[in-house]
Amino acid sequence: MSWMITDRGELEGTCYIEILPGKFQGECWNSQSVFFDEEHFGFIEPTIIRHCPEHDHYTFTDIDKTMWEDILADLQRLHQSIGDASRLSDLRGEVDLFFTTTKQRFLEAEADNMQNLRQMLNDFILWARNTLESHDSMAVLGM
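So, here is what we can say about the structure in this document. Predicted model only: the values in this text are computed from it and were never measured.

Reading the values: the criteria
- Residues numbered from 1 in each chain as written.
- Predicted model: local features only at pLDDT ≥ 70, side-chain atom pairs only at ≥ 80, totals over all residues.
- Heavy atoms only, no water.
- Helix = DSSP H or I, 4+ residues; strand = E, 2+ residues; numbered from the N terminus.
- Rg over C-alpha atoms; globule rule 2.2 N^0.38 Å.
- Buried < 20%, exposed > 50% of the residue type's maximum accessible area, 1.4 Å probe, protein only.
- Contact = heavy atoms within 4.5 Å.
- Areas by Shrake-Rupley, 256 points an atom, 1.4 Å probe, with all protein chains shown as cover.
- Lys, Arg positive; Asp, Glu negative; His and termini not counted.
- Charge placed at Lys NZ, Arg CZ, Asp CG, Glu CD.
- Pairing = 2+ DSSP bridges.
- Axes fitted to C-alpha atoms, helices over the stretch in contact; angles between N-to-C directions.

1. Structural notes on the overall build of the protein
Phase 1: Of the regular secondary structure elements, the protein holds five helices and four strands.
Phase 2: Going residue by residue from the N terminus, the α and β elements of the protein occur as β-β-α-α-β-α-α-α-β.
Phase 3: Computed over C-alpha atoms, the radius of gyration of the protein comes to 15 Å, within 12% of the 15 Å expected from 2.2 N^0.38 for 143 residues, which places it in the range of a compact globule.
Phase 4: Considering only C-alpha atoms, the protein reaches an extent of 40 × 30 × 25 Å along its principal axes.
Phase 5: Considering the protein as a whole, with its 143 residues, one finds that 45% of them fall into the buried category.
Phase 6: For the protein, long-range pairs separated by at least 24 residues make up 66% of all intrachain contacts whose partners lie at least 6 apart in sequence.
Phase 7: Carbon and sulfur atoms make up 45% of the accessible area of the protein, which amounts to about 7600 Å² in all.
Phase 8: Within the protein, one finds 11 positive and 26 negative side-chain charges whose respective centroids are separated by 6 Å.

2. Thoughts on the sheet that holds strand β4 (residues 137-141)
Phase 1: Reading across from one edge, β2-β1-β4-β3 is the order of the four strands in this open sheet, with antiparallel pairing throughout. Every interior strand has two partners, whereas the edge strands, β2 (34-37) and β3 (60-64), have only one. Across the sheet, the mean angle from the axis of one strand to that of its neighbour is 20 degrees, orientation sign disregarded.
Phase 2: Bridging between strand β1 (residues 16-21) and β2 involves four bridges; their strand directions are antiparallel. Bridge pairing in β2 links Tyr 16 to Asp 37.
Phase 3: In the packing of helix α3 (residues 65-84) onto the sheet, the strands contacted are β1, β3 and β4, and the crossing angle to β3 comes to about 90 degrees.
Phase 4: Running over the sheet, helix α5 (residues 110-132) touches β1, β2 and β4 and is turned about 135 degrees from β4.

3. What to know about the pairing of β1
Phase 1: In terms of residue burial, β1 counts as a mostly covered element, since six of its six residues are buried.
Phase 2: Bridge count for β1 against β4 is four bridges, and the pairing is antiparallel. Its bridge partner being in β4, Leu 20 is matched across the sheet by Ala 139.

Just geometry here; none of it tells us what the structure is for.
And the structure:
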């Protein structure tokens, strides 16, 4: 299973962050959205907060296209840094770990997880850039 989920049928339970094309219109679990579990979203959430300080993990935040372009540029730099790194420690704090147990689990299969993180960033960046071609914003629907 990819760390970025595009098929709602793959969701187990309700503990997911949803990224919705366009502004939030009062509905969650949209078929055009992508989803992340909390732990994996934790890898990109600090970048979102850096550019959109009003974002809260537990609320719904509409983020305009200009702000997303800045977020995506930073995520692209992170993607490149991961490609240049062989270990998590090489990233010198560029990757945040949401849960205290994330680092331990990440390091247990570090090479695979570095690749999975890089793939998740690539998938999200491509999806978001494509989405922003036809939308002026995207919403982060928190827990």
